[in-house]
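Notes for the structure review
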Amino acid sequence: MSVLPLCVLPHPVLRQQAQPVDSFTRGLRRMAMDLLDTMYANDGVGLAAPQVGWSLQLFVANPSQQAGRELIVANPVLEPAGGRARIVEGCLSVPKAWHRVRRSARVRLRGQDLSGHPLVLEAEGLLAIVLQHEVDHLGGRLFIDRLSWWQRRRLLWRAARNA
Ligand code: ZN
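What comes next is a walk through the structure. (Residues numbered from 1 in each chain as written. Predicted model: local features only at pLDDT ≥ 70, side-chain atom pairs only at ≥ 80, totals over all residues. Heavy atoms only, no water.)

This part covers the nonpolar core. In this structure, Val21, Leu28, Leu35, Leu47, Leu58, Val60 and Ile72 are the most contacted members of the largest nonpolar core, which totals 16 residues. Residue assignment for this core shows that the elements contributing at least two residues are helix H1 (26–41), strand S2 (58–61) and strand S3 (71–80). Here this core gets 5 residues from one element, more than from any other, and that element is H1. The contacts of Val60, once residues within four sequence positions are left out, are Ala32, Leu35, Leu36, Met39, Gly46, Leu47, Leu71, Ile72 and Glu134. (Core = buried A, V, L, I, M, F, W, Y, C linked by side-chain atoms within 4.5 Å. Buried < 20%, exposed > 50% of the residue type's maximum accessible area, 1.4 Å probe, protein only. Helix = DSSP H or I, 4+ residues; strand = E, 2+ residues; numbered from the N terminus. Contact = heavy atoms within 4.5 Å.)

Here it is as structure tokens:
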């Protein structure tokens, strides 16, 4: 298992639609473990495969940061399940930038686990936000895309100044 280098803005892989996972092999399991190692090494609560340069529909998350509560999902599909939330987000691929983002307060996630078995999850609170953030990554979207043009410009300017 290893900690991998992160891809940061403006790396093109972050803007690609990730490819579906179609084989649930030991290699996929190893990739998921590397994603977890990399997430923990960077104090993240979620990490999507494109963030380490793999254009693949796979992400890991653990908003509790407690061992054993990791979530690993391939080929996720999200549906909003009601409510509105607006919390401050950051992203390991957009260093030194944090901003409030509008999202659904509750979501329903469908996907597959590492064996290819169907996985269905209802989430609220921080987990619901993390799921939306990570699924965005798999569609080539970043949290800054959900801000207004002006908010994004000001945020990136500040981040560059603090780099
Ligand atoms: Zn992110």
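Another point: the coordination of the zinc ion. On the protein side, the zinc ion has Cys91 (SG), His133 (NE2) and His137 (NE2) as donor atoms, found 2.0 to 2.2 Å from it. Spacing between the donor residues of the zinc ion along their common chain follows C-x41-H-x3-H. Here the residue Cys91 occupies a position in strand S4 (residues 84–91), and His133 occupies one in helix H2 (residues 125–138), the gap between them amounting to 42 residues. For the pair formed by Cys91 and His133, the shared burial category is buried. (Donors = N, O, S within 2.8 Å, 3.2 Å for Na, K, Ca; no water.)

Now for the layout of surface pockets. Considered as a void within the structure, the largest pocket measures approximately 340 Å³ in volume. If you trace the largest pocket, you find 23 residues lining it, with Val45, Gly90, Cys91, Leu92 and His133 closest to the centre. Here the lining of the largest pocket takes 6 residues from H2, the largest share from any one element. Split by residue class, the lining of the largest pocket holds 12 nonpolar, 7 polar and 4 charged. (1 Å grid on protein atoms, 1.4 Å probe; cavity = no way out; pocket = protein on both sides within 12 Å on 5 of 7 lines; lining within 4 Å. Points joined across faces, edges and corners; volume = space filled by probe spheres on them. Nonpolar A, V, L, I, M, F, W, Y, C, P; charged D, E, K, R; others polar.)

With that out of the way, let us pick up the pairing of strand S7 (residues 118–124). Consecutive side chains of a regular strand alternate in pointing toward one face of the sheet and then the other. Bridge count for strand S6 (residues 106–112) against S7 is 7 bridges, and the pairing is antiparallel. Each bridged residue has a counterpart across the sheet, and for Arg106 the counterpart in S7 is Glu124. Here S6 folds back onto S7 in antiparallel fashion, the turn holding 5 residues, of which Gly116 has a positive phi close to 90°. (Pairing = 2+ DSSP bridges.)

As a further point, take the pairing of S6. Alternating positions in S6 separate cleanly, Val107, Leu109 and Gly111 being buried on one face and Arg106, Arg108, Arg110 and Gln112 remaining unburied on the opposite face. Relative to S6, S3 is paired through 5 bridges, and the arrangement is antiparallel. Residue pairing in the sheet places Val77 in a bridge with Arg110 of S6.

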